[in-house]
Amino acid sequence: MAITTVPGTTRPPGRPEPPYPSPRRRTGLGRKVRDNLTGHAFLIGAFLCFAVFSWYPMVRGVVMSFQRTRRGETTWVGWDNYARIIDDPSFWTAWQNTFYFTALALVLGYAVPFFVAILLNEFRHAKGYLRILVYLPVMLPPASALFLFKFYAYDPSEAGLFNAILTALHLPTSEWMQSPGMTMPAMVLASTWMNMGSAVLIYLAALQNIPGELYEAAELDGAGIWRRIRHVTIPQTRLILALLAMIQIVATMQLFIEPLILANGAGTGDSATSVAYLIYQHGFFQNDLNGAAALGVIMLVVLAGFSAVYVRLTAKQD
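Residues numbered from 1 in each chain as written. Predicted model: local features only at pLDDT ≥ 70, side-chain atom pairs only at ≥ 80, totals over all residues. Heavy atoms only, no water.

A. Spatial organisation of the packing of aromatic side chains. Summed over all chains, the structure comprises 23 aromatic pairs. Judged by centre distance (5.2 Å) and plane angle (80°), the rings of Phe-114 and Tyr-203 are edge-to-face. In this pair, Phe-114 is assigned in helix α5 (residues 111–122) and Tyr-203 in helix α9 (residues 180–207), connecting sequence segments 89 residues apart. Here the aromatic residues Phe-149, Tyr-154, Phe-162, Trp-176 and Trp-193 are joined through ring pairs into a cluster of three or more. (Phe/Tyr/Trp six-rings, centres within 6.5 Å; stacked < 30°, edge-to-face > 60°. Helix = DSSP H or I, 4+ residues; strand = E, 2+ residues; numbered from the N terminus.)

The structure is reproduced here in structure tokens:
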């Protein structure tokens, strides 16, 4: 009996196609490795960057703070570098100036962005334009912004912007950075203008997550704008406020570029010397890298203490 086939095939009609061999199954471990290979590659790259450019310098700095290097020879000296740094009169002056700057920044640079964000949140039109306008100083290089303040706004003559405004208001002018009493407030003002935009955007995002029903209920109870801010806005954004307060403290205590550019480093009568600038002075002017490392470790311990207090307080709030 002849067997006919379907044209173009060699399989007899009516017979099922032979099953194809199933692909080899991957093992569970191999599949997970292949699926997460890209993620692991990114993690390895980030780990190497942190290890080389962050963790190693920190560990190396701690080790150097207990050493002394003379003519290429390194010896262990224990706590001698710390004792020498603490005995330096500039040490206490730098810490006093740094804490003074931090306190002023918390009063001005921390409160102003919050109220600017509340004001912007109330606008119904041109919100995008106003946000760009507030954030614009953040996009400027810090050195350029500070030179703008130094040679244009803080010019001690009547040609300076601020002195021209004071003259127009029939108020006494100031020497600004040349005056020891005005050095820190002037640096805080410039720093606030440069860095305010980021905080304002974060506050705006937090404000827009507050339910509108809370404000409506407060208005029905006869609460004015200040009572609404006190009883609705601040409690609803307390976690963001606490986080930005900690970031503000850590950032302002690392004060460096403002005195370096605005006050040429130390300022009049060491009125602008900060701890970070003192580290720079020991390391690059006095060629005392071990003393600079010891001062850096002291700053690290102080900032770690502030961070521990923040974690403890936020844990109690949660």
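B. The arrangement of the confidence of the model for the protein chain in detail. A residue-level look at the protein chain finds 89% of positions with pLDDT of 70 or above and a mean pLDDT of 83. Confidence scores differ between elements of the protein chain, with helix α1 (residues 28–35) showing the lowest mean pLDDT of 67 and helix α3 (residues 80–87) the highest of 92. (pLDDT = per-residue confidence, 0-100.)

C. Molecular detail of a negative patch on the surface. Negative charge collects at one region of the surface, where Glu-122, Glu-213, Glu-216 and Glu-219 lie side by side. Ranked by residues supplied to the negative patch, first place goes to helix α10 (residues 212–220) with three residues. Along the chain, Glu-216 turns up in helix α10. (Patch = residues over 30% accessible without salt bridge, like charges linked within 9 Å, V, L, I, M, F, W, Y side chains within 5 Å. Areas by Shrake-Rupley, 256 points an atom, 1.4 Å probe, with all protein chains shown as cover. Salt bridge = Lys/Arg side-chain N within 4 Å of Asp/Glu carboxyl O. Lys, Arg positive; Asp, Glu negative; His and termini not counted. Charge placed at Lys NZ, Arg CZ, Asp CG, Glu CD.)

D. Structural detail: the UniProt feature "transmembrane region" (unreviewed entry) in the protein chain. Following the UniProt record, the feature "transmembrane region" (unreviewed entry) maps to residues 37–56, 99–120, 132–153, 186–206, 237–257 and 292–313 here. The straight-line gap between the two end C-alpha atoms of residues 132–153 is 22 Å; of that span, 91% is helix and 0% is strand. In this annotation, residues 237–257 is assigned 76% helix and 0% strand; the end-to-end C-alpha distance for the span is 31 Å. (UniProt positions renumbered as here; feature names shortened; annotations may be inferred.)

E. Focus on helix α11 (residues 225–236). For α11, with 12 residues, the first-to-last C-alpha span of 15 Å sits near the 16 Å given by 1.5 Å per residue. Within α11, the full set of buried residues consists of Arg-228, Ile-229, Val-232 and Thr-233. On an axial view of α11, the arc spanned by its buried residues comes to 125°, and they lie on one face. The outward face of α11, more than 90 degrees from its buried face, is lined by the exposed residues Trp-226 and Arg-230. Buried residues belonging to α11 abut α5, α9 and α10. (Expected span 1.5 Å × (residues − 1). Buried < 20%, exposed > 50% of the residue type's maximum accessible area, 1.4 Å probe, protein only. Arc of directions from axis to C-beta. Contact = heavy atoms within 4.5 Å.)

F. Highlighting unusual backbone geometry. At His-170, a residue that is not glycine, the phi angle is positive and equals roughly 60°. You can see His-170 is positioned in the loop between α8 (161–168) and α9. For Asn-287, which is not glycine, the phi dihedral falls at a positive 55°. Within the secondary structure layout, Asn-287 lies in the loop between α14 (275–284) and α15 (289–317). Accessibility expressed as a relative area gives 65% for Asn-287, which makes it exposed.

G. Molecular detail of the packing of α5 against α11. Following both chains from N to C, one finds α5 and α11 inclined at 105°, their axes separated by 13 Å at the closest point. Classed by the angle they form, the pair α5 and α11 counts as roughly perpendicular. Contacts from Phe-114, Phe-115 and Ile-118 in α5 reach Trp-226, Ile-229, Thr-233 and Ile-234 in α11. In terms of residue class, the contact of α5 with α11 is made up of six nonpolar, one polar and no charged. (Axes fitted to C-alpha atoms, helices over the stretch in contact; angles between N-to-C directions. Parallel < 35°, antiparallel > 145°, perpendicular 65-115°, else oblique. Nonpolar A, V, L, I, M, F, W, Y, C, P; charged D, E, K, R; others polar.)

H. Summary view of α9. With 28 residues, α9 should reach 40 Å at 1.5 Å per residue; the first-to-last C-alpha distance of 39 Å fits that figure. Residue Asn-195 marks the point of greatest curvature in α9, where the axis turns by about 50°. (Bend = angle between axes of the 7 residues up to and from the residue.)

I. Just the side chain of Thr-273, in detail. On the secondary structure map, Thr-273 appears in the loop between α13 (257–262) and α14. Of note is the side chain of Thr-273, whose polar atom sits 3.5 Å from the side chain of Asp-270. Among all residues touching Thr-273, those that are not within four sequence positions of it are Thr-93, Ala-94, Asn-97, Gly-265 and Ala-266. (Polar contact = N/O pair within 3.5 Å; in protein donor to acceptor, adjacent residues only side chain to side chain.)

J. Quick peek at the environment of Phe-114. Its relative accessible area of 6% is what places Phe-114 among the buried residues. Remark: the alpha-carbon pair of Phe-114 and Ile-234, spanning 120 residues in sequence, is separated by 9.8 Å.

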